Amino acid sequence: MLKDITIGQYFPGKSVVHRLDPRFKIIITAVFIVALFCADNFLGLAVSCVFLTVSFLISEIPLRLMMKSLKPIVPIILFTTVLNLFFLDGVTFFKLGFIKITYEGLETSAFMIIRIIALIMGSSLLTYTTSPITLTDAIERLLAPLSKIKLPVHELAMMMTIALRFIPTLIEETDKIMSAQKARGADMESGGLLQRAKALTPILIPLFVSAFRRAEELALAMECRCYHGGEGRTRLKQLKSGAADYFALGISFIFLDMVIFLNIIFG
């Protein structure tokens, strides 16, 4: 299960989506999320899903990687489905004893499942097609106006990127610790909920120790390299936008307008 978590991972490629300016990709992702939550009917949701599907096809991200990113959210999807399926009032579709399923529950459950899946896939597409270093520069450039009110933009962007970058590392470390504890005879899969929670103690303590050690090593390495934040910093690669970036941004706003239009017509 831990190996299925792909948050923060970068999939190298030379597709059009990979070559887009990361600043525009962040804005386009934000526009997509707005469109996703603005949609209040299945037609509007379908328009958002079409935009997402086309983006994934253009990005040339393998289908297996896309499906892999959805595995960790299966419990969330099931929990959301149960809440909407059994606890919404309306016209009864199926009834067995105290269990009652309504048409409204079915519709809301399907709507929420599609929205959650599209949200995760759209967010994953950004990290799949953008390296952490490039993503840091893009976030810092977008937040640059806030530096005029003394907000530490560079430090915030650096912290976000380090956190994103260390997610796969910590997942790998957790997997190694779990394998080592199982090899020593630790039982983490049997017993009740309380026993399983107690069984996590031999995993969490070494994981926290390892995380603090890595943080200390990183801080020491940055200090040895005379890191002083964003003051006087230069970049090897400068971010440049082109016609393709503005075209992609325009297309995303067109899809957003379509969602809003469908809300007005069928709202």
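Residues numbered from 1 in each chain as written. Predicted model: local features only at pLDDT ≥ 70, side-chain atom pairs only at ≥ 80, totals over all residues. Heavy atoms only, no water.

Colleague: Break down the overall build of the chain for me, citing the residues and quoting the values.
Modeller: When its secondary structure is counted, the chain shows 11 helices and two strands. In the chain, the succession of helices and strands from N to C terminus is α-α-α-α-α-β-β-α-α-α-α-α-α. A buried classification covers 34% of the 267 residues belonging to the chain. When the accessible surface of the chain is split by element, carbon and sulfur atoms take 70% of a total near 16,800 Å². (Helix = DSSP H or I, 4+ residues; strand = E, 2+ residues; numbered from the N terminus. Buried < 20%, exposed > 50% of the residue type's maximum accessible area, 1.4 Å probe, protein only. Areas by Shrake-Rupley, 256 points an atom, 1.4 Å probe, with all protein chains shown as cover.)

Colleague: Lay out the side chain of Thr81 in plain terms, naming residues and giving numbers.
Modeller: Mapped onto the fold, Thr81 is located in helix H5 (residues 74-86). From its side chain, Thr81 meets the backbone oxygen of Ile77 in a polar contact 2.7 Å long. In this view, Thr81 contacts Ser109 and Ile113; residues no more than four positions away in its chain are not counted. (Polar contact = N/O pair within 3.5 Å; in protein donor to acceptor, adjacent residues only side chain to side chain. Contact = heavy atoms within 4.5 Å.)

Colleague: I'd like to hear about the packing of aromatic side chains, residue by residue, with values.
Modeller: Applying the stated criterion to the full structure yields four aromatic pairs. Their ring planes at 75° and their centres at 4.9 Å tell us that Phe24 and Tyr246 sit as a pair that is edge-to-face. With a gap of 222 residues between them, Phe24 in helix H2 (residues 22-38) and Tyr246 in helix H11 (residues 243-266) connect regions that are remote in the sequence. Given a relative accessible area of 52%, Tyr246 falls into the exposed group. Among the aromatic residues, those joined into a cluster by ring pairs are Phe32, Phe51 and Phe255. (Phe/Tyr/Trp six-rings, centres within 6.5 Å; stacked < 30°, edge-to-face > 60°.)

Colleague: Explain the pattern of salt bridges residue by residue, including any values.
Modeller: Evaluation of the coordinates by the stated rule reveals three salt bridges. The closest approach of N and O atoms between Asp21 and Arg23, which form a salt bridge, is 2.6 Å. Classification of Arg23 as buried rests on a relative accessible area of 19%. With a shortest N-O distance of 3.1 Å, Glu173 and Arg214 are connected by a salt bridge. Highlighted residues: Glu173 in helix H8 (residues 153-183) and Arg214 in helix H10 (residues 201-224), separated in sequence by 41 residues. (Salt bridge = Lys/Arg side-chain N within 4 Å of Asp/Glu carboxyl O.)

Honestly, that's just the spatial picture; any functional story needs more than this.
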